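# Examining the three-dimensional arrangement
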4 protein chains.
Amino acid sequence: MNLNVRPNENDDGSSGAAWRHKLYVIIFEADTPAGKWFDLILIAAVLLSVITVILDSVASIALQYQTILKVLEWFFTILFTIEYIARLSCVRHPTRYARSFFGIIDLLTILPSYLELFLPGAHFLTNVRLLRLLRIFRILKLVSFINEYSQLGSALAASRRKIMIFLSVVLIVTFLLGTLMYAVEGPANGFTSIPVSVYWAITTITTVGFGDISPKTDLGRLITSLMMLLGWGILAVPTGIISAEISAQKFKPTTRTCPTCLTEGLDEDAIYCKNCGAALPPYEHN
Amino acid sequence: MNLNVRPNENDDGSSGAAWRHKLYVIIFEADTPAGKWFDLILIAAVLLSVITVILDSVASIALQYQTILKVLEWFFTILFTIEYIARLSCVRHPTRYARSFFGIIDLLTILPSYLELFLPGAHFLTNVRLLRLLRIFRILKLVSFINEYSQLGSALAASRRKIMIFLSVVLIVTFLLGTLMYAVEGPANGFTSIPVSVYWAITTITTVGFGDISPKTDLGRLITSLMMLLGWGILAVPTGIISAEISAQKFKPTTRTCPTCLTEGLDEDAIYCKNCGAALPPYEHN
Amino acid sequence: MNLNVRPNENDDGSSGAAWRHKLYVIIFEADTPAGKWFDLILIAAVLLSVITVILDSVASIALQYQTILKVLEWFFTILFTIEYIARLSCVRHPTRYARSFFGIIDLLTILPSYLELFLPGAHFLTNVRLLRLLRIFRILKLVSFINEYSQLGSALAASRRKIMIFLSVVLIVTFLLGTLMYAVEGPANGFTSIPVSVYWAITTITTVGFGDISPKTDLGRLITSLMMLLGWGILAVPTGIISAEISAQKFKPTTRTCPTCLTEGLDEDAIYCKNCGAALPPYEHN
Amino acid sequence: MNLNVRPNENDDGSSGAAWRHKLYVIIFEADTPAGKWFDLILIAAVLLSVITVILDSVASIALQYQTILKVLEWFFTILFTIEYIARLSCVRHPTRYARSFFGIIDLLTILPSYLELFLPGAHFLTNVRLLRLLRIFRILKLVSFINEYSQLGSALAASRRKIMIFLSVVLIVTFLLGTLMYAVEGPANGFTSIPVSVYWAITTITTVGFGDISPKTDLGRLITSLMMLLGWGILAVPTGIISAEISAQKFKPTTRTCPTCLTEGLDEDAIYCKNCGAALPPYEHN
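Residues numbered from 1 in each chain as written. Chains lettered and ligands numbered in written order. Predicted model: local features only at pLDDT ≥ 70, side-chain atom pairs only at ≥ 80, totals over all residues. Heavy atoms only, no water.

### What about the overall build of chain A?
- The helix and strand inventory of chain A stands at 11 helices and 0 strands.
- Seen in sequence order, chain A has helices and strands lined up from the N terminus as α-α-α-α-α-α-α-α-α-α-α.
- In chain A, buried positions account for 43% of the 286 residues.
- Contacts spanning at least 24 positions in sequence make up 53% of the contacts within chain A whose residues lie at least 6 apart. (Helix = DSSP H or I, 4+ residues; strand = E, 2+ residues; numbered from the N terminus. Buried < 20%, exposed > 50% of the residue type's maximum accessible area, 1.4 Å probe, protein only. Contact = heavy atoms within 4.5 Å.)

### With respect to the relation of the copies chain A and chain D
- Each copy of the sequence occupies a distinct position, and chain A is placed on chain D by a rotation of 90 degrees and an axial shift of 0.3 Å, giving an RMSD of 2.3 Å. Overall, the copies show the geometry of a four-fold rotation axis. (Least-squares fit on C-alpha atoms with pLDDT ≥ 70 in both.)

### Some details on the confidence of the model for chain A
All names here are of chain A.
- In this model, chain A carries a mean pLDDT of 81, and residues with pLDDT of at least 70 account for 84%.
- Mean pLDDT per element in chain A: helix 7 (residues 124–136) is the minimum at 74, and helix 10 (residues 194–205) is the maximum at 95.
- Predicted complex, confidence summary: ipTM 0.77, pTM 0.81. (pLDDT = per-residue confidence, 0-100.)

### Points about the pattern of salt bridges
- Going through the model one piece at a time under the given rule, you end up with 31 salt bridges over all chains.
- Close ionic contact of A:Asp212 with D:Arg221 constitutes a salt bridge, the shortest N to O distance being 4.0 Å. Taken together, the residues span two chains, with A:Asp212 in the loop between helix 10 and helix 11 (218–251) and D:Arg221 in helix 11 (residues 218–251).
- Overall, the relative accessible area of 32% leaves A:Asp212 in the partly exposed class.
- Taking the relative accessible area as the measure of exposure, D:Arg221 reaches 15% and is therefore buried.
- Taking the shortest distance from any N to any O, the salt bridge between C:Asp106 and C:Arg87 comes out at 3.9 Å. Here the residue C:Asp106 occupies a position in helix 6 (residues 101–118), and C:Arg87 occupies one in helix 4 (residues 66–90), the gap between them amounting to 19 residues. You'll find C:Asp106 and C:Arg87 in the same group, each marked buried.
- Through salt bridges with shared partners, a single network forms among A:Glu83, A:Arg87, A:Asp106 and A:Lys141. (Salt bridge = Lys/Arg side-chain N within 4 Å of Asp/Glu carboxyl O.)

### Quick notes on helix 6 (residues 101–118) of chain B
- Given a rise of 1.5 Å per residue, 18 residues ought to cover 26 Å, and the 26 Å separating the end C-alpha atoms of helix 6 of chain B matches this to within 8%.
- Regarding helix 6 of chain B, the residues found buried are B:Phe102, B:Gly103, B:Ile105, B:Asp106, B:Thr109, B:Ile110, B:Pro112 and B:Ser113. (Expected span 1.5 Å × (residues − 1).)

### Some thoughts on unusual backbone geometry
- Its identity is not glycine, yet A:Thr207 carries a phi of approximately 60 degrees, on the positive side.
- Residue position: A:Thr207 is located in the loop between helix 10 and helix 11.

### Some details on the packing of helix 2 (residues 33–57) of chain D against helix 4 (residues 66–90) of chain D
Residues and elements named next belong to chain D.
- Between helix 2 and helix 4, the shortest axis-to-axis distance is 10 Å and the interhelical angle comes to 145 degrees. Crossing geometry of helix 2 relative to helix 4 is assigned as left-handed. Taken together, the residues of helix 4 that come into contact with helix 2 (itself represented by Phe 38, Leu 42, Ala 45, Val 46, Leu 48, Ser 49, Thr 52, Val 53, Leu 55 and Asp 56) are Leu 69, Leu 72, Glu 73, Phe 76, Leu 79, Phe 80, Glu 83 and Arg 87.
- For the contact of helix 2 with helix 4, the per-class residue count stands at 12 nonpolar, 2 polar and 4 charged. (Axes fitted to C-alpha atoms, helices over the stretch in contact; angles between N-to-C directions. Left-handed = near helix turned anticlockwise from the far one by under 90°. Nonpolar A, V, L, I, M, F, W, Y, C, P; charged D, E, K, R; others polar.)

Put into C-alpha cells, the structure is as follows:
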C-alpha cells in the first residue's frame, strides 16, 4: 500500500544518515528479510495487543489476571511508542506522516495508557471503555498489509454517487414510514418519538427485526407488513428478475442462423447477416 | 425535474408583469445566482424545519424547549406559506400547480399549524402525532432536486408487471402458509386470527423475525423451518446459481478450437484465430 | 392457462347438447363477453369469500357479525357448488377434471360448510381452524388467470436439480451446526432437543432470528457468530464478487485495439486480430 | 466421488484374494447390482440411524422408548462397525483410508456406543450430548454419493482469496463497531464485554437480530441504524446497481449507428449492418 512517504534523504539524492535509510527500508518496505520480519512481528504484536484488550474487557478474566494484563498493556504501549518514534524519525516529512491516516491511528492507539496515567478521572468506567475502544483501533494498522483493500476502496469511491442516491431514497422512505408508524401506534406501544420510530423503521426495512419494539395495532401491523415486503423485495425482486432473464436466455436463445455463413444468434429483427452481409430469410417465431 | 409549469405570460409571448417572470426564474429555475440561492435556502429551511418537528416529538426535549420549538414552527409555517403563495402567483395556471404532486405537498405541510390554531380537538394527542406526520412530508420537497429519482421512478414503472406478478405469488404463498400456521398453532400460541397469522408469516418469509409471535408446537416449528428456507432461499438460490454460471464461464470458456494451431477458448464471434491468424471455420453451437 | 379439458361433444365432432357447449364456452374460455363476465364475477366471488373467512377468524368481528358471516359463507358455498357442478357437466371427462389440481381445489373449498353441517365434532375449535384453512384455499382458483405463473413454474422445474443440491447442502450444514449447538448449549439454555436446535439453526442461518431461543455460553455465541456470517455471507459474497467483476470490466476494459481494422476489446494474449487477421503489436500492461 | 483408494491387489496386477476384490467392487463401486444395493442399504441405514439419534434426544420420546432406541443404536453401531472393517480389509492401503476424511468419519461415528460402554463418566449429561453429536456426523457419509458436492467444493476453493478478503473486511468493521457500541452502551445495557458486543454486532450486520441484546441509548440506536443500513446495503446496493445496469442496457442499447440507413443499436462486433447489409465502419467506444 502506498503510504505516501519518502525516506529522509538530502536533496541531491545522497542518503542522509545511513541508519535512517536502513530504518526506512525495514519499516516501510518489505523487500529485505529484515523488512519482512518487521512486518510479521508487527502483525503479531497488533493481534496479541488486541487480544489483551478484549480479555481485559471480560469482567471475570480481568478480575483474575489484572496484573498480567496491565503489564502486557504497558509492554505493547511502549513497543508501539518505539515504533511510532522510529517511523517519524526515518521519513522525510515527519509532520506529514503524523497527519496521515496511519499516523493518526498510530498516535491514537498509544495514547490510552498515557492518558490513564495522567488523567485519573471521575467517570472512571466510561473512560475505561472509551480507552479500550481507542486501543482496539490498532487493528487498523493491519489494513496497510492487504493490497486488495485499496482496490475495494477505489471501487467504492467510483460508485459513490449511485450509492448516495440509493441510500438517500431508502432514508427518505424509512423516515416517512417511521413517522407514519409513530402516528399510528403512538408512545403507548413503544413508538415513543419520531427518532425511535425511525430507528424501528430501519430495523424493519433492513430485515434485522430485533423485536425490542413491534407494532401492536391492526393498521400498524398492516403497514409493517408492507414495509417488510419492501425491504425484502428490494433484495428479492432484482435477483429474481435477473435470474429469469438469464434462464430465458439459456433455454430459448436466438437460434436464428445465417444460411450463408452459419453465424448464429442473429437478432430477430435483422435483415442482413451481421457477419457476412448476406440477406436473411424471414424469421418465424415458434 | 420537470414540474410541468409555465411562467405567467401573455399569449403573444410578451411577459406579463415583469416581477412575475423574475419570481418564476428565481423559484422554478436554477440558472441565475438568485435561483441557486433560493434553492439552497429552501433545502436548508426544509431540513431545519424537519429537525424541529423531530425534536418536538421527543418528550424530554419538548418539555424543556416548548416555546422555542413553537416559535420556530410558526416561523417555518409562515416561511413556507409565503413560498407557496409566491409559487402560485408566478405560474401560468395556479390551479394546475395546486393540484400537482408538489403543490399538494406544499399545501399539506403548512396546514398543521393553522389546523391546530382553529381546531383544538378532544383527541389532542392523536391530532398532534398526525400533524407531526404531515409536517414531516416537507422532506418530499427535496425530491425535486435530484434528477436520478425520476430515472429510478421510470425504471420501476417499466418493470411494473414483473414486480406485480412476483409480489402476488409471494402474497398468495404467505397467505396460505400463514393460515396453515393459524390452523396448526392456534390462538393459544399467539396466532389469534388469520390476519395476525399472515402478518407473522410475512415477518418470517421476509426474514425480519421480530419474535413477538413465534411457533411453539413441533409441527408449527417444522412448517416455520420450511418457510424460513423459502424466504431466504428466494434470495440465495438465484444468487448462487448466477455465481456458479459466471464461475463456470471463467474456468471453462467456449471450447471453440482453431484447427490450425489447436488454440482453445476462441471467441464465438471471431473470424480469424487470435493466435496464428488462420481463417476460422464457422462456429457451431452444441 | 391450459386446463386440459375438452368440451363435451359427440365423437363425430357434432356438439352434443348445445347448452353444454355454451356453458363450456362461458366457464372455460374468455373470448365472449359472457365468458369475460363469468371470469370477473368468479374473481370477485373468490376475493369476497376469502375476506369473509378472514373476518370470521377475528374474534371481535366474529362475535358481532356472526349471523351475517354465516349467511355469507353459505351463500358462497352454494355459489361455488353450482359452479363446480356446472364445470363437471360441460366437460367431456368429468372424472378427469374432478381429479385435476383445480378440480380438487374446487371440491375441497366447498366441503367445509357441508362437513360442519354433518359432523359437529368434539374438537370444535380445531375443526373450525382447519375448515377455515380449507376455505382459504379458494384463493388458488385465481392462479388459473395469470399466464406468467405457469412460466414461473416451468423455470423452477427446469432448475430443479440445482435447487435440490443447494438446499441439501444447506440442510446438512444446518443439521450438523444445530446438533453442535445442542451439545454446547444444552437444554438448560433452551436447546432442549436436536429437532429444536435444528429449528434454531435454520432461524439463524436464514437470518430470521426470532430470538425465542438464543445462545448463552461464550462458545455457543462464537459458533453462532460463524453461523450468522455463513448465512448472510452466502448472500453477500456472490453479490459482492459479481459486482466487483462488473465494475472491473467497466473501468478497465481490454482496450487493446487492432491498428489495421480498429477492432477493440481484443484479448490480452491475442497475436492476430480476430476480425481481420492482421498481426498485432505486443501488448503492454499499464 | 473419487475416494482415492485402490483395491487390494498383488503388484503384478493379479488379484490377491478374490473375495477382497469382490468386496471392493460391492463397497466402493456402484456398477454391479450388488454395488447398487449396497449403496441403497447404506443410505437407508444412515438415515434411519440419524433419525434414531434425533428421537433419542427428545426427552418425551426417549423416556417412553428407551429400550427400543438403545437396541436400535447398538444395531446400527454393529452394522457400521462391520462396514468399517469390510472397507479396511478390501483396500490396498488400510491406513491411508483410515486417515482419510471418510475413514475418520466412519470411525468417529461408531465410537460413541463403545465409549459409553467403557467410560461411564461423571458429567453424564454432557457426554451424552457430545456422543449424540458424533453419531449425527454419520450424515456426512451421504456426501460421497453426490458428485456436484465436489464441484461446489472446487468452486469455493478457487474463490478462496476473494472470500477471505471480503470476510476479513466484514470482521474488522464488525469488530470496531461492536467495540464502539460497547463503549457507548456499556454493561448496564447488556453490552457486558467486547466479545459480547462483537457477537451483537455480527447479529446486527448479518441482519439476524435475535433481540437478546439491543441498544437502549439514543447514540447507540443511531450507530445501530447505520450498522443495519450497512449490513443490508451490502446486499441491496450491488443488486440494485446490477439491475439498473441491465435495465439500462435493455432500454438504451449500444448507440452504434449504420451511416447508410441510420439504424441504431447495432452489435459492437457486427461487420455488416443487419438492416441494409452495408459494410460498417469500425466501432469506436466513447
